[in-house]
Amino acid sequence: MAQTILSLLFISLMMLGFSGPVESSSGARMYLEAQCRTSIYRELCVETLLPYVTKNALGPQQLARVSLAVCLTKARQTKEYADMVAKRFNKSDQAIEECLHQINNGVNQITLSVKEFQQIGKDGEENFVLHEGNVQSWVSAGLTDVDMCIDGLLGDGIGGREKTIIKAKLLNVKQLASNSLSLFNRFASRHRASHIVKNP
């Protein structure tokens, strides 16, 4: 379902005409390196977005939306895997059970941010700051939930292949969320600069 949402989002962006030609994959990489320069996990930012801009150059808003959609996909996949592990443990592992709760919260927060992002531009420029704040708050909350889950698993002292995989997946979600927030802030800053209030 999450992959379908991402695919539909990307197709809709293309249909709306927010794309332009990119001459080569090297050109796409250079473009993304410039767009991702404020991200903490720059290489991941580039690699995440590269498949979507090899043939089409997306603007800052579209890059942030795709990044956030990818993050949501990965968060849902992590939740599904953690659910499977919890069933294997019969939810007797407290760290896993608490982590499940935090992952659920994180997925919900990122889902809300994706939906909020989609509203930008649909209900007037006067509501941009409201949407901006909501997206930032929900992505940040999702990051906090992921961090709490990672800390809980790391501090539990129980090893195991499943927990190692969960930690790796959570770290990936955390990095994707961080990059998405950075890309969104970059877009929002540029948007506000280009829409200066005419009658202060």
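Basis of the calculations
- Every chain's residues receive numbers from 1 upward, in the order its sequence appears when written.
- pLDDT decides what is reported in this predicted model: residues at 70 or higher carry local features, side-chain atom pairs at 80 or more are listed and counted, and totals for whole chains, interfaces and linings draw on all residues regardless.
- Side-chain measures were taken over the full set of non-hydrogen atoms in the model, leaving aside hydrogen atoms and water.
- Two rings from Phe, Tyr or Trp (for Trp, the six-membered ring) form a pair when their centres sit within 6.5 Å of each other. Planes less than 30 degrees apart are called stacked, planes more than 60 degrees apart edge-to-face, and all others tilted.
- A run of H or I in DSSP becomes a helix once it reaches four residues, and a run of E becomes a strand once it reaches two; helices and strands are each numbered from the N terminus.
- Burial classification: accessible surface area is computed with a 1.4 Å probe over protein chains only, and a residue below 20% of its type maximum counts as buried, one above 50% as exposed, and the rest as partly exposed.
- Whether a charge sits over a ring depends on NZ of Lys or CZ of Arg being within 6 Å of the ring centre and within 35 degrees of the ring normal.
- The salt bridge definition used is simple: a Lys or Arg side-chain nitrogen within 4 Å of an Asp or Glu carboxyl oxygen.
- Note on contacts: a residue pair is in contact if any heavy atoms of the two residues lie within 4.5 Å.
- Cysteine sulfur atoms are paired as a disulfide whenever they come within 2.5 Å of each other.
- Here pLDDT means the predictor's own confidence in every residue, given as a number from 0 to 100.
- To obtain an axis, a line is fitted to C-alpha atoms, over the contacting stretch when the element is a helix, and the angle between two such axes runs from 0 to 180 degrees between their N-to-C directions.
- If an angle is under 35 degrees, it is roughly parallel; if it is over 145, roughly antiparallel; if it lies from 65 to 115, roughly perpendicular; otherwise it is oblique.
- Left-handed is the label given to a crossing in which the near helix is rotated counterclockwise from the far helix by less than a right angle, and right-handed is the label when the rotation is clockwise.
- Amino acids are sorted into nonpolar (Ala, Val, Leu, Ile, Met, Phe, Trp, Tyr, Cys and Pro), charged (Asp, Glu, Lys and Arg) and polar (every other residue, Gly among them).

Remarks on the packing of aromatic side chains
Following the criterion strictly, the structure yields 4 aromatic pairs and no others. Where Phe 128 meets Phe 187, the ring centres are 6.0 Å apart and the plane angle is 75°; that geometry is what we call edge-to-face. With Phe 128 in helix 6 (residues 128–156) and Phe 187 in helix 7 (residues 161–194), the pair connects residues that are 59 residues apart, well separated along the chain. As far as the burial class goes, Phe 128 and Phe 187 line up, both buried. One aromatic cluster in this structure is built from Phe 117, Phe 128, Phe 184 and Phe 187. Lying across the ring of Tyr 81, Lys 169 places its NZ or CZ 5.6 Å from the centre.

Quick notes on the pattern of salt bridges
Within this structure, the stated rule accounts for 5 salt bridges. In this structure, Lys 79 and Asp 83 form a salt bridge, with 3.0 Å as the shortest nitrogen-oxygen distance. Taken as a pair, Lys 79 and Asp 83 lie in helix 4 (residues 60–88) at a separation of 4 residues, close to a single helical turn. For Asp 83, a relative accessible area of 23% puts it in the partly exposed group. Through salt bridges with shared partners, a single network forms among Arg 29, Glu 43 and Glu 47.

Examining the environment of Phe 117
You can see Phe 117 is positioned in helix 5 (residues 94–119). Assessed through its relative accessible area of 2%, Phe 117 is described here as buried. In this structure, the C-alpha to C-alpha distance between Phe 117 and Glu 132, residues 15 residues apart in sequence, is 7.8 Å. Beyond its immediate chain neighbours, meaning those up to four positions away, Phe 117 contacts Gln 61, Ala 64, Arg 65, Leu 68, Val 135, Phe 184 and Phe 187.

Quick word on the state of the cysteines
Scanning the entire structure with this criterion turns up 2 disulfides. Shown here is the disulfide that connects Cys 36 with Cys 45, its sulfur atoms set 2.1 Å apart. Here the disulfide of Cys 36 and Cys 45 is left-handed, its torsion about the S-S bond being about -65°. For the pair formed by Cys 36 and Cys 45, the shared burial category is buried. Covalent S-S linkage joins Cys 99 and Cys 149, the inter-sulfur distance amounting to 1.4 Å.

Concerning the confidence of the model for the protein
Looking at the protein, the pLDDT average stands at 83 and 78% of residues meet or exceed 70. Element-level mean pLDDT values for the protein span from 46 in strand 1 (residues 19–21) up to 94 in helix 3 (residues 42–53). For residues 13–23, every residue scores under 50 in pLDDT, and the model assigns this stretch 26 contacts once sequence neighbours within four places are set aside.

Quick word on the packing of helix 4 against helix 5
Relative placement of two packed helices is described by the angle separating their axes and the distance separating the axes. Interhelical geometry of helix 4 versus helix 5 gives an angle of 155° and a closest axis separation of 9 Å. As summarised for this structure, helix 4 and helix 5 are arranged roughly antiparallel, according to the angle between their axes. The two elements helix 4 and helix 5 meet at a crossing, and its hand is left-handed. Of the residues assigned to the contact of helix 4 with helix 5, the class counts are 15 nonpolar, 6 polar and 4 charged.

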